[in-house]
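# Secondary and tertiary structure notes
In case you want the letters, here they are:
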Amino acid sequence: MSEENTLTPQRKIGSGFGRDSTAAEVIAGIDLNGKTAIVTGGYSGLGLETVRALASAGAAVVVPARRPEHARDVLAAAGMAPGTPGGDVSVAGLDLADLASVKEFAAGFLAGAAPGSPRTLDILINNAAIMASPEQRVGPGWEAQFATNHLGHFALTNLLWPALAAAEGARVVSLSSTGHKLSGIRFDDINFDAGYDKWRAYGQAKTANALFAVQLDALGRDSGVRAFAVHPGGIMTELQRHLPREEMIAAGWMDENGNVDSRFKTPAQGAATSVWAATAPALKGMGGVYCEDCDIAEPTVPGSPEARIRGVDAHAVDREAAARLWQLSADLTGINAFAA
């Protein structure tokens, strides 16, 4: 079969779910007993709801966290402490902005294999993110949004590759957003050395998340690993922590009394597309596509009234850009599971 024949079209498949579907609804009837999942940022907002859904279906879920004790407290308060009826949920330390921390987490996870058997990872949801943050440099001078949202997850996924390949049918979900429409990849100034713009930096990071799924799927599908990018929808969570209230009011996200615009989803609705991409039987044999509202998204129609809020722009699913970004990311991090 040629490569062209294995590509999944970027168009809706009629999933039966939609914008208002919840994570619990899309996972109903799916059995994840014996499966292992990792959800970064799984102790806040839609990440917490993602963990709740996967655990409720029987998965053993690992939640990497920059503040492990805080994550354990949040999960316990949500009824998901280890050993409770809320599911098999555990926490481990991980700072996505620190490559040494990413390596330590991945090594610890892989070392948890049963004697004589490889460690397997059936679902990896790269959910954690920062948005529109003040200018910050991490590592060797990387712009923080690109480093945290993309490079950290790039390194994590590559380091966990042995467990993903051993799972025979693993899925990787990369959280993007309509923020990708704000910027393509600035290959000539990836770290905004010529001047920082918090929204363009966020846009570049979200485009990177989408392109990551395109290239990971191309590299991994022969091993049975498929990847998807997901736009969860607008949700009021801790992701907005860097935004002044006045800016959110000016953007129409809320009124002066703090009432959130009806366009926004609940965390349970926001988690639904991630959970659907990670578990839906309808996606078997598919991958490398951008999803929204619990279905594969349609390409953006340039100039249309909904071009800014719906669909995926061509630059975020461009295969040449995806391959170029992968190589750049491998060069920056020194990590590449697919190096010759």
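This text goes with the structure placed above it.
My aim in this report is to walk through the structure given alongside it, one point at a time. Computed from a predicted structure; not experimentally measured. Numbers given for residues are sequential positions, taken from 1 along each chain in its written order. Note on the predicted model: pLDDT of at least 70 is required for a residue's local features to be given, and 80 or more for side-chain atom pairs to be given and counted; whole-chain, interface and lining totals, by contrast, use all residues. As a rule here, side-chain values cover all heavy atoms of the structure and leave hydrogens and water aside.

Looking now at the overall build of the protein chain. Helix and strand labels come from DSSP, where a helix needs a run of H or I of at least four residues and a strand needs a run of E of at least two; each type is numbered from the N terminus. When helices and strands are tallied, the protein chain shows 12 helices and 10 strands. Each residue's exposure class comes from its accessible area (1.4 Å probe, protein chains only) as a fraction of the maximum for that residue type: buried when under 20%, exposed when over 50%, partly exposed otherwise. Put simply, the protein chain has 340 residues, and 52% of those count as buried. A separation of at least 24 residues holds for 75% of the contacts in the protein chain among residues at least 6 apart in sequence. For the area figures, the Shrake-Rupley method with a 1.4 Å probe applies, and any residue is considered shielded solely by the protein chains shown. Summed over all atoms, the accessible surface of the protein chain reaches about 14300 Å², with 51% contributed by carbon and sulfur. Any two residues whose heavy atoms approach within 4.5 Å are treated as being in contact.

Right, let's get into the packing of aromatic side chains. Under the pairing criterion, centres of Phe, Tyr and Trp rings, with the six-membered ring standing for Trp, must be within 6.5 Å; the plane angle then separates stacked pairs below 30 degrees from edge-to-face pairs above 60, leaving the rest tilted. What the rule picks out here adds up to 7 aromatic pairs. Between Trp199 and Tyr202 the ring centres are 6.0 Å apart and the planes differ by 85°, which places this aromatic pair in the edge-to-face class. On the criterion of helical spacing, the pair formed by Trp199 and Tyr202 is a turn pair, its members being 3 residues apart in helix H8 (residues 198-220). What links up through ring pairs into an aromatic cluster is the set Phe154, Trp161, Phe212, Trp326 and Phe338.

This next bit is on the side chain of Gln204. Looking at the element boundaries, Gln204 is found in helix H8. Relative accessible area serves as the criterion here: at 0%, Gln204 is assigned to the buried category. Beyond its immediate stretch of four places on either side in the chain, Gln204 contacts Phe146, Ser183, Gly184, Ile185, Arg186, Ile190 and Phe192.

Here we come to the state of the cysteines. The disulfide criterion is simple: two cysteine sulfur atoms within 2.5 Å. As enumerated under the stated definition, the model contains 0 disulfides in all. Not part of a disulfide, Cys291 finds its nearest cysteine sulfur in Cys294, a span of 9.4 Å. On the basis of relative accessible area, Cys291 is assigned to the buried category, the value being 0%.

Moving on, we come to the sheet that holds strand S8 (residues 226-231). At least two DSSP bridges between two strands are required for those strands to pair. Ordered in space as S3-S2-S1-S4-S7-S8-S9-S10, the 8 strands form an open sheet in which the pairing is mixed. Strand pairing shows two members of the sheet lacking a second neighbour, strand S3 (88-93) and strand S10 (295-296), which therefore form its edges. Alignment of strand S7 (residues 171-175) against S8, held across 5 bridges, turns out to be parallel. From the neighbouring strand, Val173 faces S8, where its bridge partner is Phe228. For helices, the fitted line uses only the C-alpha atoms of the stretch in contact; every axis is such a line through C-alpha atoms, and the angle between N-to-C directions lies from 0 to 180 degrees. In the packing of helix H3 (residues 45-56) onto the sheet, contacts are made with strand S1 (36-39), strand S2 (60-65), S3, strand S4 (123-126) and S7, and the angle to S1 comes to roughly 175°. On top of the sheet, helix H11 (residues 272-279) reaches S4, S7, S8, strand S9 (289-292) and S10; it is set at about 155° to S7, its chief contact.

With 12 residues, helix H5 (residues 99-110) ought to run about 16 Å at 1.5 Å a step, and its terminal C-alpha atoms sit 16 Å apart, in line with that. The set of residues buried in H5 consists of Leu99, Ser101, Val102, Phe105, Ala106 and Phe109. Each buried residue of H5 lies within a common arc of 160° when the element is viewed along its axis, so the set occupies one face. Among the exposed residues of H5, those oriented more than 90 degrees off its buried face are Ala100 and Glu104. Counting of polar contacts relies on pairs of N or O atoms within 3.5 Å, with two restrictions inside protein: one atom must be capable of donating a hydrogen and the other of accepting it, and residues adjacent in sequence are counted only when both atoms are side-chain atoms. You can read the cap of H5 off the contacts: a side-chain oxygen lies 3.0 Å from the backbone nitrogen of Ala100, and it is on Asp98. By definition here, a helix of n residues has an expected span of 1.5 Å times n minus one. Here the arc refers to the set of directions running from the helix axis out to each C-beta atom.

So yeah, pure geometry; function would need other evidence.
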